[in-house]
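Geometric and topological summary
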Amino acid sequence: MAAASSTTAGSSGAGALSEGIMKKIILSYTYVAIWIFLSFTVIVYNKYILDPKLYNFPFPISLTMIHMLFCSTLAFVLVRLVRLVDLPAAMSRSLYLRSVVPIGALYSLSLWLSNSAYIYLSVSFIQMLKALMPVAVYSIGVSLRKEQFRSNTMMNMVSISLGVAIAAYGEARFDVWGVGLQLGAVAFEATRLVLIQVLLSSKGINLNPITSLYYVAPCCFLFLSVPWLLVELPVLREKSSFHVDFLVFGTNSFCAFALNLAVFLLVGKTSALTMNVAGVVKDWLLIAFSWSVIKDTVTTVNLIGYVLAFLGVAYYNHAKLQAMKAKEAQKSKAGEVDEEAAKLLEEREGETGAKKLESQD
């Protein structure tokens, strides 16, 4: 009877364990699906608004400023009124001016150029060009001495660049100005990511997507207002037929903000590596959507080049994961050594104390 009861308890415990694991897996896939859906929606929605052949609002600075105003307002409500997240205590005015403002300037340039590229390039080709992001981040990291130069990593970066070059060679709607805009956006975004490590993470300040928007979105709005006044406002004044479509721009801005919340959930509940893998899935879905629904031309040379770049990016992510595992193993080993040393020290102190007591007796 006792054996039967213990067997039943063991099987029920295993069932409960498997149920808990399944719940975590389902939640993880749900977070990934939400992020992919929102990221997909924002990219396609921006393309729809900016493309002269679709909604015909070719004003990327105006669209980005609407996003930043919307995100600033909602971030203020969530941080100051709802108190959903806490602000870092170490954030002072001088640190804000020296660290957050430069990051905001780079972010505004990145968003401006990347949104501008949708006017000239197809969605599928833009995703292929974005595969250069690891190359830009690694190169800037090496130049600023945040990354160590390794010949095998550099060869991997060369293979990614070669794949993107092949994809560009096979692009049916190649536009030099559009490619320049997207490459500029990649360069500014990569610099921003490296500077976040240099200016904030090194000082122990880690911003989640909500606090990032709280600090950075107002800066972006102010920086973008200068080129907007000089470039787009005069053109908008001439277009007497223009009126603000609150439904289109409101839902578009809400999707952009919801995407940031999805990043917060995905990274917080899973890992940054999971987001990178999900990003690869999203890129392939966007390429398929661009070809099948938007009817963008995707050539065989396009796909060969992107597959080569994709393999390089996948290897880069795998190498980073192995490096992180090795670093964690080294830390745990060092912790075990410290614990053993502490135990030996306690034993020696105990022996010394016992000898002193014996000598006193």
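Definitions and cut-offs
- Residues numbered from 1 in each chain as written.
- Predicted model: local features only at pLDDT ≥ 70, side-chain atom pairs only at ≥ 80, totals over all residues.
- Heavy atoms only, no water.
- pLDDT = per-residue confidence, 0-100.
- Contact = heavy atoms within 4.5 Å.
- Helix = DSSP H or I, 4+ residues; strand = E, 2+ residues; numbered from the N terminus.
- Buried < 20%, exposed > 50% of the residue type's maximum accessible area, 1.4 Å probe, protein only.
- Phe/Tyr/Trp six-rings, centres within 6.5 Å; stacked < 30°, edge-to-face > 60°.
- Salt bridge = Lys/Arg side-chain N within 4 Å of Asp/Glu carboxyl O.
- Axes fitted to C-alpha atoms, helices over the stretch in contact; angles between N-to-C directions.
- Parallel < 35°, antiparallel > 145°, perpendicular 65-115°, else oblique.
- Left-handed = near helix turned anticlockwise from the far one by under 90°.
- Nonpolar A, V, L, I, M, F, W, Y, C, P; charged D, E, K, R; others polar.

**Focus on the confidence of the model for the protein chain**
- Overall, the predicted model of the protein chain reaches an average pLDDT of 82, with 82% of residues at or above 70.
- Considering only residues more than four positions removed or in separate chains, one finds that residues 9-14, a stretch of pLDDT under 50, has zero contacts.

**Side note on the environment of Leu 229**
- Assignment of secondary structure puts Leu 229 in helix α8 (residues 209-238).
- Once the C-alpha coordinates of Leu 229 and Ile 61 are considered, the two residues, 168 residues apart in sequence, prove to be 9.9 Å apart.

**Here we look at the environment of Ala 262**
- Following the sequence through the fold, Ala 262 ends up in helix α9 (residues 246-269).
- Judged by relative accessible area, which is 5%, Ala 262 ranks as buried.
- When the C-alpha positions of Ala 262 and Leu 38 are compared, they lie 7.8 Å apart, and in sequence the two are 224 residues distant.
- Every residue in contact with Ala 262, bar those within four places of it in the chain, is listed here: Ile 34, Trp 35 and Leu 38.

**A few points about unusual backbone geometry**
- One non-glycine residue, Asn 56, adopts positive backbone phi at about 65°.
- Turning to its location among the elements, Asn 56 is positioned in the loop between α1 (2-50) and α2 (60-81).

**Describing the packing of aromatic side chains**
- For the structure on display, the rule yields eleven aromatic pairs.
- Here the aromatic rings of Tyr 96 and Tyr 215 are separated by 5.9 Å at their centres, their planes lie at 55°, and the arrangement is tilted. Here the residue Tyr 96 occupies a position in helix α3 (residues 93-120), and Tyr 215 occupies one in helix α8, the gap between them amounting to 119 residues.
- Centre to centre, the rings of Tyr 214 and Tyr 215 are 5.2 Å apart; their planes meet at 80°, and the pair counts as edge-to-face.

**Section: the pattern of salt bridges**
- Taken as a whole and assessed by the stated rule, the structure comprises four salt bridges.
- Asp 51 serves as the salt-bridge partner of Lys 47, at 3.0 Å between the closest nitrogen and oxygen.

**Structural notes on the side chain of His 67**
- The residue His 67 is located in helix α2 in this model.
- The residues contacting His 67, other than those within four sequence positions of it, are Asn 46, Asn 252, Ser 253 and Ala 256.

**Considerations on the packing of helix α5 (residues 133-143) against helix α7 (residues 176-200)**
- For the pair α5 and α7, interaxial distance at closest approach is 9 Å and the crossing angle is 50°. On the basis of the axis angle, α5 is oblique to α7. The handedness of the crossing between α5 and α7 comes out as right-handed. Taken together, the residues of α7 that come into contact with α5 (itself represented by Met 133, Ala 136, Val 137, Ile 140 and Gly 141) are Val 186, Ala 187, Glu 189, Ala 190, Thr 191, Leu 193 and Val 194.
- In terms of residue class, the contact of α5 with α7 is built from nine nonpolar, two polar and one charged.

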